[in-house]
Amino acid sequence: MIPQLVTYRQRRRDGRWLRLYVPVLPVLLVLSPLLLLAVLAGLVACLVFRVSLVGALRGTGQLLCALPGTRFEIEQGRTAVLVSIR
């Protein structure tokens, strides 16, 4: 299952939280030309380094399936960032 929503939270210096909800599908549609270039670059890299194309695609698919439910938390001093993928 591909992630549907990414929640980004950042604690500002004054202690308040900035919360952003980013829907994945509209962002993918807007960035699709860049995504196409990235896929083509990945294909060329697979050919240059003699990596199995099917194996690379399978690994990418497994990574996308594992993303929902993932949380990234970073804290440094008074600033904190939390990214959760649903």
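## Section: the packing of aromatic side chains
As enumerated under the stated definition, the model contains zero aromatic pairs in all. The positively charged end of R9 is found above the aromatic ring belonging to W17, 4.3 Å away from the centroid.

## Points about the sheet that holds strand β4 (residues 79-85)
The antiparallel open sheet is built from four strands, whose spatial order is β2-β1-β4-β3. A single partner strand is all that each edge strand has here, and the edge strands are β2 (17-23) and β3 (71-76). Here the average twist between neighbouring strands, direction ignored, is 10°.

## Describing the layout of surface pockets
The computed volume of the largest pocket comes to approximately 420 Å³. Forming the walls of the largest pocket are 16 residues, and the residues nearest its centre are L35, V39, L57, T60 and L64. Elements with a contribution of two residues or more to the lining of the largest pocket: α1 (24-30), α2 (32-48) and α3 (53-66). Of the residues contributing to the lining of the largest pocket, the split by class is 14 nonpolar, two polar and no charged.

## Observations concerning the UniProt feature "transmembrane region" (unreviewed entry) in the protein chain
Here, the residues flagged by UniProt with the feature "transmembrane region" (unreviewed entry) are residues 20-49. Helix makes up 80% of residues 20-49 and strand 13%, with an end-to-end C-alpha separation of 39 Å.

## A short note on α2
Over its 17 residues, α2 extends 24 Å from the first C-alpha to the last, a length consistent with the 24 Å expected when each residue adds 1.5 Å. Looking one or two residues past α2, R50 carries a phi angle of roughly 55°, positive in sign.

## Some details on the pairing of β3
Counting buried positions along β3 gives zero out of six residues, so the element sits mostly on the surface. Examined bridge by bridge, β3 and β4 share six bridges and lie antiparallel to one another. Residue F72 lies in a different strand from β4, and its bridge partner there is V83. With antiparallel pairing between neighbouring strands as the criterion, β3 and β4 make up a hairpin whose turn holds two residues, including G77 at a positive phi of roughly 65°.

## Looking at the pattern of salt bridges
Throughout the structure, instances matching the rule amount to three salt bridges. The residue R16 makes a salt bridge to D14 at a minimum N-O spacing of 3.1 Å. E73 is paired through a salt bridge with R71; the nearest N and O atoms lie 3.1 Å apart. The exposure class assigned to E73 is exposed, which follows from its relative accessible area of 54%.

Parameters at a glance
Within each chain, residues carry numbers counting from 1 in the order of the written sequence. Where totals are concerned, whole chains, interfaces and linings use all residues; where local detail is concerned, this predicted model gives features only for residues with pLDDT of at least 70, and gives and counts side-chain atom pairs only at 80 or more. Computation of side-chain values covers all heavy atoms of the structure but excludes hydrogens and water. Aromatic rings from Phe, Tyr and Trp, with only the six-membered ring used for Trp, were paired whenever their centres fell within 6.5 Å, and each pair was classed as stacked if the ring planes differed by under 30 degrees, edge-to-face if by over 60, and tilted otherwise. Only Lys NZ and Arg CZ are tested; either one counts as a charge over a ring when it is within 6 Å of the ring centre and within 35 degrees of the ring normal. For two strands to be treated as a pair, DSSP must find at least two bridges joining them. The secondary structure listing takes helices from DSSP runs of H or I that are at least 4 residues long and strands from runs of E that are at least 2 residues long, numbered from the N terminus. Angular values range over 0 to 180 degrees, each being the angle between N-to-C directions of two axes fitted as lines to C-alpha atoms, with helices fitted over their stretch in contact. Here a cavity is any set of points on a 1 Å grid over the protein atoms alone where a 1.4 Å probe fits but cannot get out, and a pocket is any open set with protein on both sides within 12 Å along at least 5 of 7 lines; a residue lines the site when it has an atom within 4 Å of a point. Grid points are joined across faces, edges and corners, and a volume is the space filled by probe spheres set on the points. Each residue gets one of three labels, nonpolar for Ala, Val, Leu, Ile, Met, Phe, Trp, Tyr, Cys and Pro, charged for Asp, Glu, Lys and Arg, and polar for the others, Gly among them. UniProt positions are given in the numbering used here, feature names are shortened, and annotations may be inferred rather than shown by experiment. Residue count minus one, scaled by 1.5 Å, sets the expected span of a helix. A 1.4 Å probe rolled over the protein chains alone gives each residue an accessible area, and that area as a share of the maximum for its type sets the label: buried under 20%, exposed over 50%, partly exposed in between. Just to be clear on terms, a salt bridge is a Lys or Arg side-chain nitrogen sitting within 4 Å of an Asp or Glu carboxyl oxygen.

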